[in-house]
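# Breakdown of the fold
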2 protein chains.
Amino acid sequence: MEREHFSATFDTELDELRSMLLAMGGKVEMMISGSVKALVERDTPLADRIIAMDHEVNNLEVNIDERCLELLALRQPAARDLRFITLALKIVTDLERIGDQCTNIAKRAKELNAEPQLKPYIDIPRMAHWTEVMVKESLDSFVHGDDDLAIKVCNDDNFVDEINEQIHRELLTFMIEDSSTISRSMKLNYVAKSLERIADHATNIAEMVIFMVKGKDIRHTIA
Amino acid sequence: MEREHFSATFDTELDELRSMLLAMGGKVEMMISGSVKALVERDTPLADRIIAMDHEVNNLEVNIDERCLELLALRQPAARDLRFITLALKIVTDLERIGDQCTNIAKRAKELNAEPQLKPYIDIPRMAHWTEVMVKESLDSFVHGDDDLAIKVCNDDNFVDEINEQIHRELLTFMIEDSSTISRSMKLNYVAKSLERIADHATNIAEMVIFMVKGKDIRHTIA
């Protein structure tokens, strides 16, 4: 597919858009690891800092949205560039919602930190690590147009779903054996559910990237 | 704000885009009521039909995405029309994910229908009704550029969150009193959580509509 705009300025602008998205991605990746660290290390001040970061992520979303609209209006891009910019518009929405989920995790961490710890957290940090890698790789696949990497992200989602299922089952046995653990178990379950939703956002991004690269839709054919 | 395109054809195309979005909205509204009806009336064949509808919704998403890209490439809209089309691109993503949530509800309904009913379902249908209205009104606010209606949707979300919290607390008491109810309670809780996510999607749409109408961002200032 040919580029309709060869202006160095437009290329620079697209590079800037890429950088803005990666910066926003870096911020939400920090929020993922930070919110789970606040839980695992029972660090409530860290949870508060993560909650405060949500505002910055929201501002980044507004800025990137506006930049995309400017580029569409002033540069009137076609073909590949058009697809790239419209996809950026969709991706910022996913990134912003990942920030929301991290805020939810940080809030649950604060509640859980105020009670005795139910169990050592092993699977949740593992799930958080995988999820963070998925977010990073989904964005890398976007900025480099790398559909192989995007396919890897989609496959990794199955693994995150498996860990989530495992956490769910383990918490169920806690609750059945001792009803005093139910409230804390439910909160931990919500943390896992939030991580699963973050992984879903990364998968959504990756599926859209595959669409962008291949020019046809496989979003609804990948299992 | 002035329209840069006065062509009757372009106006017709924008009307067609509105109709496509409303048709997709109508489909997901049916999926919301149908998936919850499958639970309440223990109608497993209906749950299967809802799950099968997800494919149609996915196809509608692809078609609307393509139409938006065509309009952006061929019509090179500016100002208000540009904002409208880029917002349509974001909204279809929300609608498609609402379809995914309905599929999740239908799957849980099938599992729950295979077991004795835990309790009469009262709050869940009420929550589903509100959620469906929110989705419908968020789309109406978009196609009519009605920011008052969009603000109503954002406010209604608080009510849905309250019902969700109430369901959550009631299920918690079931689980504490009788551990044999835990598995079913958790599934019902997931149904409520899916409805809450659908309401969140409607709220996201409404917030974006307010942004479109006002031309400034209040997405991150509404409580």
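Parameters at a glance
- Residue positions within a chain follow its written sequence, with the count starting from 1.
- A letter from A marks each chain and a number from 1 marks each ligand, given out in the order of writing.
- Thresholds applied to this predicted model are a pLDDT of at least 70 for local features of residues and 80 or more for the giving and counting of side-chain atom pairs; totals over whole chains, interfaces and linings are not thresholded and use all residues.
- The side-chain numbers reported here are obtained from all heavy atoms of the structure, hydrogens and water having been left aside.
- The secondary structure listing takes helices from DSSP runs of H or I that are at least 4 residues long and strands from runs of E that are at least 2 residues long, numbered from the N terminus.
- Three labels apply to residues, based on accessible area from a 1.4 Å probe with only protein chains included: buried if under 20% of the type maximum, exposed if over 50%, partly exposed otherwise in between.
- Positive: Lys, Arg. Negative: Asp, Glu. His and the chain ends are not part of the count.
- A side-chain nitrogen of Lys or Arg and a carboxyl oxygen of Asp or Glu constitute a salt bridge if their distance falls within 4 Å.
- Here a polar contact is recorded for every N or O atom pair within 3.5 Å, except that within protein the pair must consist of a potential hydrogen donor and a potential acceptor, and residues adjacent in sequence are included only if both atoms are side-chain atoms.
- Residues are treated as being in contact if the distance between any of their heavy atoms lies within 4.5 Å.
- Pairing of aromatic rings covers Phe, Tyr and the six-membered ring of Trp, with a centre-to-centre limit of 6.5 Å; geometry is then stacked below 30 degrees between planes, edge-to-face above 60, and tilted otherwise.
- Sitting over a ring, as applied to charges here, requires NZ of Lys or CZ of Arg to be within 6 Å of the ring centre and within 35 degrees of the ring normal.
- Interaxial angle, 0 to 180 degrees, is taken between N-to-C directions of lines fitted to C-alpha atoms, where a helix line uses only the stretch in contact.
- Throughout, the term roughly parallel applies to angles under 35 degrees, roughly antiparallel to angles over 145, roughly perpendicular to angles from 65 to 115, and oblique to all others.
- By the convention adopted, Pro, Cys, Tyr, Trp, Phe, Met, Ile, Leu, Val and Ala count as nonpolar, Lys, Arg, Asp and Glu as charged, and the other residues, Gly among them, as polar.
- Residues reaching a pLDDT of at least 70 in both copies supply the C-alpha atoms on which the copies are superposed by least squares.
- Within this scheme, the nonpolar core is defined by two criteria: the residues are buried Ala, Val, Leu, Ile, Met, Phe, Trp, Tyr or Cys, and they are joined through side-chain atoms within 4.5 Å.
- UniProt positions are given in the numbering used here, feature names are shortened, and annotations may be inferred rather than shown by experiment.
- In predicted models, pLDDT denotes the confidence assigned by the predictor to each residue on a 0 to 100 scale.

On to the side chain of Arg184(A). All names here are of chain A. Mapping Arg184 onto the fold places it in helix H6 (residues 182-214). In this structure, Arg184 is buried with no salt-bridge partner, the nearest side chain bearing the opposite charge being Glu115 at 4.1 Å. Within the structure, the side chain of Arg184 is placed 3.0 Å from the backbone oxygen of Pro116, a separation counted as a polar contact. In terms of polar contacts, Arg184 uses its side chain to reach the backbone carbonyl oxygen of Ser180, at 3.5 Å. Beyond its immediate chain neighbours, meaning those up to four positions away, Arg184 contacts Leu112, Glu115, Pro116, Gln117 and Leu118.

Attention now moves to the packing of aromatic side chains. The tally for this structure, following the rule as stated, stands at four aromatic pairs over all chains. Both rings, one in Phe84(A) and one in Phe142(A), keep their centres 4.5 Å apart while their planes meet at 5 degrees; by these two values the pair is stacked. Of the two residues, Phe84(A) sits in helix H3 (residues 79-113) while Phe142(A) sits in helix H4 (residues 123-143), which places them 58 residues apart along the sequence. The pair formed by Phe84(A) and Phe142(A) is uniform in burial state, with each residue classed as buried. Each ring, one from Trp130(B) and one from Phe159(B), has its centre 4.3 Å from the other, and the planes form 50 degrees; the classification is tilted. You can see Trp130(B) sitting in helix H4 (residues 123-143) and its partner Phe159(B) sitting in helix H5 (residues 147-177), a full 29 residues away along the chain. Geometry around Phe211(A) places Arg83(A) over its ring, the cationic atom sitting 5.1 Å from the centre.

Looking now at the packing of helix H3 (residues 79-113) of chain B against H4(B). Relative placement of two packed helices is described by the angle separating their axes and the distance separating the axes. Residue and element names in this part refer to chain B. Close contact between H3 and H4 brings their axes to 12 Å; oriented N to C, the two are set at 170 degrees. With respect to H4, the element H3 is oriented roughly antiparallel. Across the interface between the two elements, Phe84, Leu87, Ala88, Ile91, Leu95 and Ile98 from H3 touch Val135, Leu139 and Phe142 from H4. Taken together, the residues of the contact of H3 with H4 sort by class into nine nonpolar, no polar and no charged.

What follows concerns the relation of the copies chain A and chain B. When chain A is fitted to chain B, the best match, at an RMSD of 0.0 Å, comes from turning it 180 degrees and sliding it 0.0 Å along the axis. A rotation of that kind, with that shift, is consistent with a two-fold axis. An overlap of 100% is found between the interface residues of chain A and their copies at the interface of chain B, pointing to a shared contact surface.

What follows covers the nonpolar core. Taken as a class, soluble globular proteins show a tendency for nonpolar side chains to be buried jointly. Of all hydrophobic cores here, the largest spans 132 residues; its most connected members are Leu95(A), Phe142(A), Leu95(B) and Phe142(B). Discounting residues that sit within four places of it in the chain, Leu95(A) has contacts with Leu21(A), Met24(A), Gly25(A), Val28(A), Val57(A), Val135(A), Leu139(A) and Ile205(A). Ranked by size, the runner-up nonpolar core spans eight residues in total, among them Met175(A), Met175(B), Ile182(B) and Met186(B).

Okay, the UniProt feature "domain: PhoU" (unreviewed entry) in chain A next. In this numbering, the UniProt entry assigns the feature "domain: PhoU" (unreviewed entry) to residues 22-108 and 124-209 of chain A. End C-alpha to end C-alpha, residues 124-209 of chain A measures 28 Å, and it is 92% helix and 0% strand.

Residue and element names in this part refer to chain A. Structurally, Leu71 is set in helix H2 (residues 44-75). Remark: the alpha-carbon pair of Leu71 and Val92, spanning 21 residues in sequence, is separated by 15 Å. Among residues more than four places away in sequence, those in contact with Leu71 are Phe10, Glu13, Leu14, Leu17, Gln76, Pro77 and Ile85.

Turning next to the confidence of the model for chain A. Taken over all residues, the pLDDT of chain A has a mean of 91, while the share at 70 or more is 93%. Averaged over each element, pLDDT in chain A is lowest for H6(A) (92) and highest for H4(A) (96).

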